[in-house]
Structures are given as structure tokens and as C-alpha cells.
Amino acid sequence: MARSMEAARFEQNGFEEANVEESVSWDDLERDAASKAGGSSERTQAWRSHQHDSARKGDEPAGDLYELWRQEQNSIAARLDKELKSRWELDELIEEQLSGYGSHYYKAMVSTSLKDVSNLLMPTWLPPHELAAVSWLGDWRPTSILDLLRILAAQNPSFSLSESSERILSQLLREIRIEEAVIDEEYAEIQATCVLHLPFSPLCNAQSQEEALLSVQGLFGNIHKVISKAQRLRYKVLELVMKKLLNQTDTAEFVVAFAGIQDAIHQFGEHKKLKKLYPAVPLKGSGSSS
Amino acid sequence: MPFSLFSRKKPTRRFNGFYADWSKTLSENCLPLLRQSLSSAASASVLSSNVDLVLRHLVLYYETLDLAADPNTIAYLLFPSWRNSLETPFLFIGDIHPYLLTNLLRSFIDRENRDSDDDEDSLRLIPDLVNQPLKIATAWKDPSDELMTRIDQIECTMRLMVPVLMDRMRKTQRGFVSRVSENWISSYQAGKKKKTVAAVAASAASVDEEAKVEMEELVSIFVDANRLRKSVIMDIVGATSEHQAALFLEGLCQFLVGFKDQVLLQDFEVVALPN
């Protein structure tokens, strides 16, 4: 499946990328020619007049020029070859990063103990300020991931999101927003209604300790299902962005920004945690109202 | 001394200490008091004053939460380390879901007014009721239209407010990430030209700045959520009869205390998820 998506991306972007290559080589050729023609700043102009000149004169410098031109062609081809190779490396890196996200989210889905469920929602390894700032069921909101992409596309001039991709992005934002809301509803149902089936609830029928544990187990199983759904949604968004929506360079830019911003927010959280400003209340509120 | 930071002005204590004491009072004083008043021996005035006392204790909790909340501390209140792993998955903006309150009330009513073949069953499940005076045992039987209308109203208000709270939560988090992203991306682009160390420092300062705005909004959402929970509890007690209110509060306290059940918690720690 990954391979066919890869192929799809090349089909999708092949034309565009070919264009970029072409413009790079023309650029180089023009610059080169312009410098030979006396370093005129009007490169295109110089190139044209240079072409014109050599065609008209047709004498001995034409052979030299051809040799020069051929060498230049070879050197550009060599550079392009290098670029292509690094492009494959880039592809591998992106693939690696995406599968990294995949296994990170998957880890949550294969949790085994009831306690894991609480740790997923309130990971003890993340500072509380980071959780408060961004966390939705234990991690970034899928819509926040798309917000980042939207901003990146708007702010980064080298980002080449096509008009149709932009349309897909805003469509995606709407859809993911709805999927988030659906998950919110499911979770609220557990927190507001199913919670009354906990064994100590005045409405629970559990008679024995075993029955009691079974009801807790069932309830936490349902919470775990909701978390897994959220994790799948996060991964789905990243996969769509990195494999379908963006070309290779933009994907790389996106990955760098996503990691950088996550890190900046994490650093902020760690910094706040060190300050140890814990919630405090006036001493007279002793916890007893009598 | 860990509290020295706060003791410069008024004497204060850490919220988790307050919470531990508050929980203890809830299980050791409030719940027994209510149970006592619901037994046949108690007079109506004892019942009434005990309902009042327990209600005050619950309200005290929400008021103290509000006092503890500020932009520096809100993160700890939304992700409280003083709650155990059995409780945390059920926290909605730092405490119980407001819908839980009316759902609990409705369940009491529904259980007592189900089709007759279930009656025997429900009595079997709550053996205490058998020993209770008739007034208590039948408190939920055939609730007045007035009460049912009032419950509808309370639910209606909640169903308007809870989605707004969720929406504000979503907006403030998304807004924060968006603003941090904007700043990060522009300083990253500037950093491509200049030294990146400066860019990193700039983006750290900007996260701090944006977080201040977000944490302030989170405080306001938290305070509003607590106000809602508090007012729903008070509204329910206000709408129900003395006996109903006592039973409702008993159920609620039993529920809140139940999360701290040590035996259950010990088992909880070792149990696996269902497949």
C-alpha cells in the first residue's frame, strides 16, 4: 500500500518536478552564458544576443563555445544526478519519520493494562503545561496538525501547494473537525453515562469483587477504543499530508516544522515544570466545611 | 520548606493537601451523616441540616478549585496528579462531567419507575432500602411533574453550555498551536539567513508569550465548568424534596468516594484490558 501511494505521488508530482529541474538548468545556462558575454545583468538579453552573434559569425570561437557548452551540460547532469540521489535519501527519511509517527501512535493501541489507559490520557512523561496547551486525548489535535500545514503554506514562499491541494486541505480540515467532534461525543458518553456502571456507583449491580473488576475492565476497554480512534485519526492526517497532499520538498519542510514546534512547546512545558508553581489555596480552607 | 514561595503573603497550602483533607471529610463525615439521616431514627430537621452541610462541603470544593486556578497553576488543575489512575480518564475539564449529575438523578427515578416485573429486582439490589422508612424507600416513586420539568430545564441549560465549553477548549488549543506555528515558521525562515541560535531563543520566548494568553483562557474555561457543576448540584438539591436531595447527595458522595476504594485500586493496577 505504501508503495502504491509512493507511485501515486510520483505520478501526481512528476510533471511539476520536471518543470522545476528544467528551470534550474536553464537558469544555470543563462547565468553562465551571460557571464561569458561580459557579465551583463540582463541575462536573458545577453544570452539572446550571444546566440545571435555566434550564429552570424560562425567562425573559430564557435567550436570552443560548443566544447564549453558540452562541459557545462555534463557538469549540470552530474549535479542533477547528485540531486536525484539525495532526493531518494529524502524520500527514505520522510518514510522513516512517518513510520516513526505510526509506531508512536500504534504503541498506544496495543496497551495492555488498565493503567496504560490513564497514562495515555495523562502521560506522566509529559509536563502538565504541555498537556494543557495542546493535548486532546493525550496528544496533538488532528486539526492542529492541519492548522500548522495551512500556516506553513501561507507563510513559506517556497511552499508550492497547488490550488487543488489548497481546496483539499480546507475540505480535510472540515472533515477532520467533524471526526474530532464525533470522538468527543463518544468519550463524553463514557464520562457522563457509562461511568455510572462503575462498581461503586449507586446504580451498579455488581455483587462480587470479580464482577466489580469486570465492569471496570469493560469500561476501560471502551475508553481505550476511543483513544485508539483518536490515534488513528492523528496518523491518518499525517499520512494524508505527507503522502498525498504535499510534494517531497514540502513534506520535508512540514516534518521539520512539526518536529520543531512540538519541541518548542515541550521545552516550554519542561521550563514551566521546573518553576514548581503548584496550585495553592488559603490556609483557612482546611478541607472541612464544618 | 516547600511552601515558602507562597507564605510571603497570606498563609497558603498546596491544593493537593486540601483535596486530601476534603476527600477524607467527604468519606468519613459527609457520607455517614447522610446515611444516618436516611435511617428511620433521624428527624426531618436533622435530615435537612445534614443535606445542607454536605451541599456546603461540595460547594466548598468548587470554590476552592477556583481560588487555586491561575495561569501558572491551571495545567496542574486540568491534569491533577492527586487523582488516581482510576479517576483520571473520567475527568472533564478537571472534574466530573456535568451530565453525570443529571444522569445519576434520572437513573434513580427510572429505576424506581420501571415496569413492575423489575421491582423485585431493584429492591434486591439495594438491600438498604428495605430497612428504610417508607418515605425514603418510595422517594423516587412517581416523581412530580414539577420535578421532571425542572430536570428537563437543568439538562437543557447544560446541553447549551457543555458544547460551548468544549468549543472554547478546542479553539484556545488550536489558536495557541496556530500562533506558535506562525512565530516558529517566521523565525525559522529568518534563521535560515541568520544564526539559528537566536531564532531558537526567539521562538522560546514567543511560546511563553502565547502560552500566557492560552492559560488565561483555560482558567476562565475551568472556572466556568466548575460554576456549571456547582450550580447543577445546587439546582438539583433545590428542585428535589428533602428526602430526594439526601438520596441524591448520598449517591453522589458514594460515587466520588468510590474512586478512592483501595481494594478496587489494588486490583485495578494489575488487571489487563479486555481483548
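- As named in an unreviewed UniProt entry, chain B is DOG1 domain-containing protein, taken from Thlaspi arvense.

- By the naming in an unreviewed UniProt entry, chain A is DOG1 domain-containing protein, taken from Thlaspi arvense.

## Brief notes about the nonpolar core
Turning to step 1, where the next piece is worked out: Of all hydrophobic cores here, the largest spans 148 residues; its most connected members are A:Phe254, B:Phe15 and B:Leu249.
Turning to step 2, where the next piece is worked out: Contact partners of A:Phe254, with chain neighbours within four places excluded, come to A:Ile145, A:Leu148, A:Leu149, A:Leu152, A:Leu238, A:Val241, A:Met242 and A:Leu246.

## Here's the deal with the layout of surface pockets
Turning to step 1, where the next piece is worked out: Taken as a whole, the largest pocket encloses approximately 870 Å³ of empty space.
Turning to step 2, where the next piece is worked out: Forming the walls of the largest pocket are 38 residues, and the residues nearest its centre are A:Asp184, A:Tyr187, A:Gln191, B:Phe92 and B:Met166.
Turning to step 3, where the next piece is worked out: Among the elements of the structure, helix 5 (128–134), strand 1 (135–136) and helix 7 (163–192) of chain A together with helix 4 (98–112) and helix 8 (145–193) of chain B are those that each provide at least two residues to the lining of the largest pocket.
Turning to step 4, where the next piece is worked out: The dominant element in the lining of the largest pocket, judged by the number of residues it contributes, is helix 7 of chain A, at 9 residues.
Turning to step 5, where the next piece is worked out: In terms of residue class, the lining of the largest pocket is built from 21 nonpolar, 9 polar and 8 charged.

## Considering the packing of aromatic side chains
Turning to step 1, where the next piece is worked out: Within this structure, the stated rule accounts for 20 aromatic pairs over all chains.
Turning to step 2, where the next piece is worked out: Seen in terms of ring centroids, A:Tyr278 and B:Tyr76 are 5.0 Å apart; in terms of plane orientation they differ by 70°. Their pairing is edge-to-face. Pair noted here: A:Tyr278 is in the loop between helix 9 (248–275) and strand 3 (280–282) and B:Tyr76 is in helix 3 (residues 74–78), and the two residues belong to different chains.
Turning to step 3, where the next piece is worked out: Here A:Tyr278 falls in the partly exposed class, since its relative accessible area comes to 23%.
Turning to step 4, where the next piece is worked out: An aromatic cluster is built from B:Phe15, B:Phe18, B:Tyr19, B:Trp22, B:Tyr61, B:Tyr62 and B:Trp82, whose rings are joined through pairwise contacts.

## Thoughts on the interface of chain B and chain A
Turning to step 1, where the next piece is worked out: Opposite the 85 residues of chain B that make contact, chain A presents 81 residues.
Turning to step 2, where the next piece is worked out: Summing the contributions of chain B and of chain A, the shared interface buries around 7,500 Å²; its carbon and sulfur component is 68%.
Turning to step 3, where the next piece is worked out: The largest share of the area that chain B buries against chain A comes from B:Tyr76, B:Phe79 and B:Leu273, three residues that together contribute 11% of it.
Turning to step 4, where the next piece is worked out: One can count 3 salt bridges joining chain B with chain A.
Turning to step 5, where the next piece is worked out: When the shortest N-O distance is used, the salt bridge between B:Glu269 and A:Lys115 registers 3.1 Å.

What counts, and where the lines are drawn
- Residues numbered from 1 in each chain as written.
- Chains lettered and ligands numbered in written order.
- Predicted model: local features only at pLDDT ≥ 70, side-chain atom pairs only at ≥ 80, totals over all residues.
- Heavy atoms only, no water.
- Core = buried A, V, L, I, M, F, W, Y, C linked by side-chain atoms within 4.5 Å.
- Buried < 20%, exposed > 50% of the residue type's maximum accessible area, 1.4 Å probe, protein only.
- Contact = heavy atoms within 4.5 Å.
- 1 Å grid on protein atoms, 1.4 Å probe; cavity = no way out; pocket = protein on both sides within 12 Å on 5 of 7 lines; lining within 4 Å.
- Points joined across faces, edges and corners; volume = space filled by probe spheres on them.
- Helix = DSSP H or I, 4+ residues; strand = E, 2+ residues; numbered from the N terminus.
- Nonpolar A, V, L, I, M, F, W, Y, C, P; charged D, E, K, R; others polar.
- Phe/Tyr/Trp six-rings, centres within 6.5 Å; stacked < 30°, edge-to-face > 60°.
- Buried area = accessible area lost by both parts, 1.4 Å probe.
- Salt bridge = Lys/Arg side-chain N within 4 Å of Asp/Glu carboxyl O.

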